[in-house]
Amino acid sequence: MSVRTTCPYCGVGCGIVATPDGKGGAAIAADPDHPANQGRICSKGAALGETLSLEDRLLHPEIDGQRVSWEAALDTVAGGLRDTIARHGPDAVAFYVSGQLLTEDYYAANKLIKGFLGTANIDTNSRLCMASSVAGHKRAFGSDTVPGLYEDFEQADLVVLVGSNLAWCHPVLFQRLEAARRARPRMKVVVIDPRRTETCDIADLHLALKPGSDVVLFNALLAVLHRQGTVAAEFVERHTTGLEAALAAAKASDPAECELRPADVATFFDWFARTERTVTLYSQGVNQSSAGTDKVNALINCHLLTGRIGRPGMGPFSITGQPNAMGGREVGALANTLAAHMDFSLPDIDRVGRFWRAPRMATKPGLKAVELFEAVGRGEIKAVWIMATNPVASLPNADAVREALRNCEHTIVSEAIRATDTVDACRIRLPALAWAEKDGTVTNSERRISRQRSFLPAPGEAQPDWWILAQVARRLGFGDAFAWNSAADLFREHAALSGFENDGSRDFDIGAHAAIDDEGYRTLAPFTWGGGRFFAEGGFFHADRRARFVATVPRLPAHAPSVEHPLRLNTGRVRDQWHTMTRTGKSVRLAGHRPEPTVELNPRDAAARGIAPGAVVRIDSRWGHAVLRAHPSDAVRAGEAFVPMHWTAKLSRAGRINAAVNPAVDPISGQPELKHTPIEIRALAVQWHGTILARRPVMLPRLTYWTHVTAAGHHAYVVAGEQPLASARRALAAALRTTNPGPWLEGEAGIGAVIADGRLEAVMVTAESYDDSARDRLAPFMAVGRLGVDQRTALLRGGEAGDRGGEMCACYGVSCNAVDAAIARGASSLDAVGAATRAGTNCGSCRPEIRVLLRAARLKRAA
Ligand code: SF4
């Protein structure tokens, strides 16, 4: 039977229809009735069915690597927390939670630590994603309120995308925007981003501003709007305060500092001034900055001045990275907030404490993510419980995080996945349910609460996160307050708290759902809390009900480039991977798009360093290093470099880029500056490159560079080394045959293979130069049961399958070369390429890249 649920990846929050196949898998389709996606889906969502296997799952509790009973594990967790608090006080305990948790899980964690353990040392990995938006909202509106709805993008005449690669990071919203633009060609799109991303494909104007100069640009816009009288005078007069101070700061900003063409800046300012229906949509390029909160307020200032907020087609709009970042905000899972959008004010502490009948309410904000793990490192936090997140890979200065965990007395992790960098570093491992098995709610970026419903049974001994927390709470003597029997019980309590003594003074109020029965919860349809938009008629949540203009004074990123580290490192996402690849990494289709960890750098910077395309390079910063494949690209400004944040120590030798990222944070929001680390890049003296495909995992010898992805029925490795090729080949062949035994056959052109009983068990090819087509050539032989004589001969000659040039369309497995060939044969539009190859005809996530190839072909023909 099909089940309606929600995608577990990005903050768009698409509805999914999952149809179990009875064998542990499921067919996945977009939900045509879900308001967020209306039948659309992206490549990641469409591949969810390929990520459901139980390989790599944590299925039983473990202590120090040994399987134990739930009783023993829970007793040990409770005993460790009790003992730590008795000896060192509550602030020696911390939780680090996740936007992957469901709201009900989040609620349980927050209630336990803030109401019953007596500390607010709980922070969520959403701190890395949108804490600056939360802080900016609160400064401007008096509450963490996203004023608008997704349909505003479609109704706007001008959409300004700031620090957002919507095409890759929120693909279904991009599809909606693209469709709206096709329907209303007068709509204009401006992209403000130092990098030329795929989102620029639909932009009328791309402002590749100097990194970190966003405040200058929006300050200058505010001053221009004011000077030329584009002011909603009545709205400003009745509903705001602080304009003069904001203007004084804005007038000191010179847009020349943004390093943009003055004509482009003038065009942007002109369009903004003339277009009433303007949405400014922003994401991590704004938030992940040591000035992130000021960036948020600088752009909100422009909307307040023009009164463009809370009405159709207009407003500032923060789009979150994670599926339930908003749910976390609602339950107060940030260290500096309380449940139900309350704060650490005395009345709120008292109110929440009375509602929970909490014996030991936290009375002050706790430590935010980066400072929390720094406190673990200093030994001040002695017990840390990590839930559904991978900070050893995702936090900045990640090696220090790993060291901190290794040296911490009590390290607990609740996880669905066995093989993560963080699980490796924790002593007590608690198996949690994964997406397909969990039941609860999530909130997307437009405040829409949707049900996530289980459609597969719980595997092994895995349990819901809220259950694990409640069991620990009971062992600590708080059984009455944690006596939930279902996610529905938690939802009712969460809804009741939101309405508790809420006379309209708090934006978040779903109290009407507090009496929902189990059947009502089971069938709950997606709904947007708050009803519709906020603030069209004022009604802000500061005590005087007025919004605040915030005076934003531009400041440079925390760490400036230097002679030693002259380049600026920017990190972000790629199209087909999600966070640390624990799920998307299982999909062959998705792995094909960007199969290796790369660094994009400007061709001028590459040439100056003698770095050729495909070279193995080392990135160094003051904090750490990474080893990656170089990809020179003029999409990146000179002086900058871009690296995806997905690769972990499980998947690569040193592709875990956060080891090199600086730990500077915004002083208000605590959000790390993940997009601006001074680095240097140098080519390594690599002597050889290789590709290995093997049915069973290979324990590789010590190498300069390796990556590992799963593929259809085999493991794929790309390797490179600085030692002589001959000795490397011997070491690799020995490693290969250890786990893939059988006769070893040497072929031509660096090929070596294990073929046992006619079946290819493993194959490796090595050469002095990098050959990025080797995997495409060799993979077809792994799919054959018994190799025929001709096939064996072809394999030992190096394989005969064509070079695919990388994956273009993950949905239909269409390669870049196939699309190129279709264009060469005369396909001159997206539709024509789709008709010829099927690429771009399903989820549409690859359409921006197809357009790039079409444009390149047009330019070539015109030259
Ligand atoms: Fe999932 Fe893609 Fe929708 Fe995001 S856009 S929620 S990743 S299907």
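Structure: see above.
It should be emphasised that the depicted structure is a prediction, and the values quoted were computed from it without experimental measurement.

Comments concerning the pattern of salt bridges
If you walk through the whole model with that rule in mind, you get 63 salt bridges. We note a salt bridge from Asp439 to Arg451, for which the minimum N-O separation is 3.4 Å. One end of the pair, Asp439, is in the loop between strand E16 (428-431) and strand E17 (440-443); the other, Arg451, is in strand E18 (residues 448-452), and twelve residues separate them in sequence. The salt bridge partner of Arg629 is Glu596, with a shortest N-O separation of 3.0 Å. Separated by 33 residues along the polypeptide, Arg629 in strand E24 (residues 625-632) and Glu596 in the loop between helix H23 (588-591) and strand E22 (598-601) bring together distant segments of the chain. The burial state of Arg629 is the same as that of Glu596; both residues are buried.

Notes on helix H30 (residues 847-862)
Its 16 residues give H30 an end-to-end C-alpha distance of 22 Å, which sits within 8% of 22 Å, the value for a rise of 1.5 Å per residue. Considered for burial, the residues of H30 that qualify are Arg847, Pro848, Glu849, Ile850, Arg851, Leu854 and Ala857. The elements touched by buried residues of H30 are helix H6 (166-169), helix H7 (171-183), strand E33 (807-809), helix H28 (816-824) and helix H29 (830-837).

Some thoughts on the packing of helix H3 (residues 103-117) against helix H20 (residues 465-475)
Where H3 contacts H20, the two axes come as close as 8 Å, and the packing angle between them is 20°. Compared by their axis directions, H3 and H20 come out roughly parallel. Note on packing geometry: the crossing formed by H3 with H20 is left-handed. Between H3 and H20, the contacting residues are Glu104, Asp105, Ala108, Ala109 and Leu112 on the first element and Asp465, Trp466, Leu469 and Ala473 on the second. Across the contact of H3 with H20, the residue classes tally to six nonpolar, no polar and three charged.

Re the site of the ligand
In the vicinity of the ligand, the residues found are Cys7, Tyr9, Cys10, Gly13, Cys14, Ile41, Cys42, Lys44, Gly45, Pro171 and Val172. Put simply, the parts of the chain that give the shell around the ligand at least two residues each are helix H1 (43-46) and H7. Residue classes in the shell around the ligand are distributed as eight nonpolar, two polar and one charged.

Section: the packing of aromatic side chains
With the rule as written, the count across this model stands at 27 aromatic pairs. Both rings, one in Phe95 and one in Trp385, keep their centres 5.3 Å apart while their planes meet at 75°; by these two values the pair is edge-to-face. Here Phe95 is found in strand E6 (residues 93-97), whereas its partner Trp385 is found in strand E14 (residues 383-387), with 290 residues between them in sequence. The buried category is assigned to Trp385, whose relative accessible area is 0%. Between the aromatic rings of Phe141 and Phe540, the centroid separation amounts to 5.9 Å while the plane-to-plane angle is 25°, which identifies the pairing as stacked.

Considerations on the sheet that holds strand E9 (residues 188-192)
Taking strand neighbours across the sheet as the criterion, the five strands line up as E10-E9-E8-E12-E13 in an open arrangement whose pairing is parallel. Here the strands that pair on one side only, and so sit at the sheet edges, are strand E10 (205-207) and strand E13 (315-318). The average undirected angle you get between the axes of adjacent strands in this sheet is 15°. As defined by bridge partners, strand E8 (residues 158-162) adjoins E9 across five bridges and the pair is classed as parallel. Bridging across to E9, Val160 finds its partner in Val190.

Side note on the state of the cysteines
Enumeration over the complete set of coordinates arrives at zero disulfides. In this structure Cys426 is not part of a disulfide, and its nearest cysteine sulfur, from Cys408, lies 8.5 Å away. Given the relative accessible area of 2%, Cys426 is considered buried. No disulfide involves Cys816; its nearest neighbouring cysteine sulfur is the one of Cys846, lying 9.4 Å away.

Some remarks on the side chain of Asn658
As for its position among the elements, Asn658 is in the loop between strand E25 (640-644) and strand E26 (677-683). Here the side chain of Asn658 touches Ala393 through a polar contact of 3.0 Å, landing on its backbone oxygen. Sequence-distant contacts of Asn658, that is, excluding residues within four places in its chain, are made with Ala393, Ser394, Leu395, Pro396, Asn397, Ala398, Met645 and Leu674.

Notes on the sheet that holds strand E7 (residues 122-124)
Strand order in the open sheet formed by seven strands is E5-E4-E16-E15-E14-E6-E7, and the pairing between neighbours is mixed. At either margin of the open sheet sits one strand with a lone partner, and together these are strand E5 (66-67) and E7. Strands strand E4 (62-63), E6, E14, strand E15 (410-415) and E16 of the sheet are contacted by helix H2 (residues 70-88), whose axis makes an angle of about 130° with E16. Its contacts with the sheet place H20 against E6, E14, E15 and E16, and it is angled at close to 155° to E14.

Thoughts on the pairing of strand E27 (residues 688-694)
Buried residues dominate E27, accounting for seven of its seven residues. Every second residue of E27 is oriented toward a common face, with Trp688, Gly690, Ile692 and Ala694 on one face and His689, Thr691 and Leu693 on the other, all of them buried. Examined bridge by bridge, E27 and strand E29 (residues 714-721) share seven bridges and lie antiparallel to one another. Bridging from a neighbouring strand, Gly690 pairs with Val719 of E29. Bridge count between E27 and strand E32 (residues 759-767): six bridges; the pairing is antiparallel. When the sheet's bridge partners are listed, His689 is paired in E32 with Ala767.

About the thresholds
Residues numbered from 1 in each chain as written. Predicted model: local features only at pLDDT ≥ 70, side-chain atom pairs only at ≥ 80, totals over all residues. Heavy atoms only, no water. Salt bridge = Lys/Arg side-chain N within 4 Å of Asp/Glu carboxyl O. Helix = DSSP H or I, 4+ residues; strand = E, 2+ residues; numbered from the N terminus. Buried < 20%, exposed > 50% of the residue type's maximum accessible area, 1.4 Å probe, protein only. Expected span 1.5 Å × (residues − 1). Contact = heavy atoms within 4.5 Å. Axes fitted to C-alpha atoms, helices over the stretch in contact; angles between N-to-C directions. Parallel < 35°, antiparallel > 145°, perpendicular 65-115°, else oblique. Left-handed = near helix turned anticlockwise from the far one by under 90°. Nonpolar A, V, L, I, M, F, W, Y, C, P; charged D, E, K, R; others polar. Near = heavy atom within 4 Å. Phe/Tyr/Trp six-rings, centres within 6.5 Å; stacked < 30°, edge-to-face > 60°. Pairing = 2+ DSSP bridges. Disulfide = S-S within 2.5 Å. Polar contact = N/O pair within 3.5 Å; in protein donor to acceptor, adjacent residues only side chain to side chain.

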